[in-house]
Amino acid sequence: IILGALVLSPLPAQELNTAIGQWRSHLPYNAGPYVTQSPEFVYYGTEWSVMRINKTDRAVDFIDKTDGLSTVGLSGIRYHTGTDQLVIAYENSVIDLLPADGQVTTLNQIANFSNFVGERSINHILPDSDSTVLLAATYGVSQLNLRRVEFSFTAFTGVAVRQVARYQGFLYAATEEGIYRIPETNPNPQNFGNWALLGPETGFTPLYGSTNVLAFAGRLYLDIDGEVFAWDGTELQAFHQEPGYNLQYLSGQGEHLLLGYRCDDCNGGRLIYYDQNGNSGQAPDDCFGQPNYAIEDQAGRIWFGDVFRGFRVLNSLNANGCEVLSFNSPWSQENREIAIRDNEVWLATGGFT
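Residues numbered from 1 in each chain as written. Predicted model: local features only at pLDDT ≥ 70, side-chain atom pairs only at ≥ 80, totals over all residues. Heavy atoms only, no water.

Q: Help me understand the state of the cysteines in this model?
A: Every disulfide links exactly two cysteines, by a covalent bond between their sulfur atoms. All told, the structure shown has two disulfides when counted by the stated rule. Cys 263 shares a disulfide with Cys 266; S-S distance 2.1 Å. One quick way to see it: the torsion about the S-S bond of Cys 263 and Cys 266 is about 120°, and its sign makes the bridge right-handed. Its relative accessible area of 12% is what places Cys 263 among the buried residues. Owing to a relative accessible area of 40%, Cys 266 belongs among the partly exposed residues under this scheme. Each sulfur in the disulfide pair Cys 287 and Cys 322 lies 1.9 Å from the other. Since a negative S-S torsion denotes a left-handed disulfide, the Cys 287-Cys 322 link at about 100° is right-handed. Taken together, the positions of Cys 287 in the loop between strand 25 (280-282) and strand 26 (291-296) and Cys 322 in the loop between strand 28 (311-314) and strand 29 (323-325) put the pair 35 residues apart, joining distant regions of the chain. Accessibility classification places Cys 287 together with Cys 322 in one group, the buried group. In the chain, the bonded cysteines, taken in the order they occur along the sequence, pair up as 1-2, 3-4. (Disulfide = S-S within 2.5 Å. Buried < 20%, exposed > 50% of the residue type's maximum accessible area, 1.4 Å probe, protein only. Helix = DSSP H or I, 4+ residues; strand = E, 2+ residues; numbered from the N terminus.)

Q: Could you clarify how one ought to interpret the side chain of Ser 49 in this entry?
A: Mapping Ser 49 onto the fold places it in the loop between strand 3 (41-45) and strand 4 (50-54). In this structure the side chain of Ser 49 is engaged in a polar contact, spanning 2.8 Å, whose partner is the side chain of Tyr 29. Beyond its immediate sequence surroundings of up to four residues, Ser 49 is in contact with Leu 27, Tyr 29, Tyr 44, Ile 63, Asp 64, Leu 69 and Leu 74. (Polar contact = N/O pair within 3.5 Å; in protein donor to acceptor, adjacent residues only side chain to side chain. Contact = heavy atoms within 4.5 Å.)

Q: Quick question: what am I supposed to make of the nonpolar core here?
A: Soluble globular proteins tend to bury their nonpolar side chains together. Tyr 44, Leu 271, Ile 302, Trp 303, Phe 304 and Leu 314 are the most contacted members of the largest nonpolar core, which has 28 residues in total. Put simply, the parts of the chain that give this core at least two residues each are strand 3, strand 4, strand 24 (269-274), strand 26, strand 27 (302-306) and strand 28. Residues within four places of Leu 314 in sequence aside, it is in contact with Ala 283, Pro 284, Cys 287, Gly 300, Arg 301, Ile 302, Phe 304, Ala 319, Gly 321 and Cys 322. Core analysis: the second largest hydrophobic core is formed by 16 residues, Ile 122, Val 133, Ala 137 and Leu 144 among them. (Core = buried A, V, L, I, M, F, W, Y, C linked by side-chain atoms within 4.5 Å.)

Q: Any chance you could explain the sheet that holds strand 18 (residues 213-216) here in plain terms?
A: Two modes of strand pairing occur in sheets, parallel and antiparallel, and in both the strands are linked by backbone hydrogen bonds. The strand order across the open sheet built from four strands is 18-19-20-21, with neighbouring strands paired in antiparallel fashion. Across the chains shown, the open sheet's two edge strands, defined by having one partner strand only, are strand 18 and strand 21 (236-240). On average, each strand axis in the sheet is tilted by 30° relative to the strand beside it, whichever way the strands run. Sheet topology note: the strand 19 (residues 219-224)/strand 20 (residues 227-231) ladder contains five bridges and is antiparallel. Bridge assignment links Tyr 221 to a residue of strand 20, and that residue is Ala 230. (Pairing = 2+ DSSP bridges. Axes fitted to C-alpha atoms, helices over the stretch in contact; angles between N-to-C directions.)

Q: How do you make sense of the sheet that holds strand 2 (residues 34-37) when you look at a structure like this?
A: What the four strands build is an open sheet, ordered 2-3-4-5; its pairing is antiparallel. With one partner strand each, in any of the chains shown, strand 2 and strand 5 (60-63) form the two edges of the open sheet. Pairwise comparison of adjacent strand axes, ignoring direction, gives a mean angle of 20° for this sheet. Sheet analysis places strand 3 next to strand 4, joined by five bridges and oriented antiparallel. Directly across from Gly 45, in strand 4, lies its bridge partner Val 50.

Q: Explain the pattern of salt bridges here, please?
A: Any two side chains of opposite charge can pair, given that their charged atoms come close. Taken as a whole, this structure holds nine salt bridges when the rule is applied. Asp 61 is paired through a salt bridge with Arg 52; the nearest N and O atoms lie 3.1 Å apart. The class for Asp 61 is partly exposed, based on a relative accessible area of 36%. Looking at Arg 52, the relative accessible area reads 23%, which means it is partly exposed. The shortest N-O distance in the salt bridge between Glu 242 and Arg 270 comes to 2.6 Å. Of the two residues, Glu 242 sits in the loop between strand 21 and strand 22 (245-251) while Arg 270 sits in strand 24, which places them 28 residues apart along the sequence. One exposure class covers both Glu 242 and Arg 270, and it is buried. One continuous salt-bridge network, built from bridges that share partners, spans Asp 128, Arg 166 and Glu 184. (Salt bridge = Lys/Arg side-chain N within 4 Å of Asp/Glu carboxyl O.)

Q: It is not clear to me how the pairing of strand 11 (residues 132-137) should be interpreted in this structure. Could you clarify?
A: Within a regular strand, the side chains alternate between the two sheet faces. Most of strand 11 is tucked away: six of the six residues are buried. The side-chain alternation of strand 11 yields two buried faces, one formed by Thr 132, Leu 134 and Ala 136 and the other by Val 133, Leu 135 and Ala 137. Pairing analysis gives five bridges linking strand 10 (residues 122-127) to strand 11, with the strands arranged antiparallel. Along strand 11, the bridge assignment pairs Pro 127 with Val 133. Following strand 10, the chain reverses through four residues before pairing antiparallel with strand 11. As paired elements, strand 11 and strand 12 (residues 140-145) share five bridges and run antiparallel to each other. Within strand 12, the residue paired with Thr 132 across the bridge is Asn 145. The turn joining strand 11 and strand 12, which pair antiparallel and follow one another in sequence, is formed by two residues.

Structure follows, in structure tokens:
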């Protein structure tokens, strides 16, 4: 399968030595919007496939449909420590579970919901326990048991849920209508009537929207119309605002709280980080194209998920600049023509002119 193209660039014949009946992919690896990690690996999700990077020696594996993935069009990935599986979500709401042994399990339950009509994209995957993940989706919230490979509950909210979090005995959901929550002890979370909208009685404004919610270091961090606030369960405090930039993500997988922003009217971004004592800093500007997400690993390195080309790594928050990783692959999925000459395959891309 050749889903990609180089501009007048040959693919060496020896790279194509594949047995009859087998397929080999040449997919574009120029940008990875989605990034997650296990103790040993960093995983990047591209539109077409998954890339696994060894944190120690930077060895790379590429995983795609020829390796058992069910489809293309990734919309998110998240590693689940308890089951040692990579959870891969696609734009068509199909989910692949990729365990350490490489045997992919495909879940079509969301795509096959018979009691729901409408969009059903997955916006966020949150590891929830040693066996479950929570899914924030356009249709609502689901809890998926990875060991049983079944859904524990689904709440159809009537409003798209952007992210979910657990904090101080409550499950929180960020939506364009505001932050909803429900006690963990509620026996019927699938009934959205049991969820409460946080409003003026809890210190929130009457009308607001929220896209991010994250439990980190004993507080809940969330945005209200783009401004980041901290919530301790009783008091809401303004935390950070970045004029001229839109909040893209909150991340807290390491020692620091990461606040990622995109520029309002340019192809740029910004990363603000806070330690647990409230001290803040800013990552170098060359770490961004169109930032989508970032994670901090156990060594203090920041791995950036970005829509723009290049895989960027900040080797420490004190580093002067980002390292950009590149991989031998087609430039994009677009190609116009294929020709063979002198035992080489040539692909042409670009516009008709």
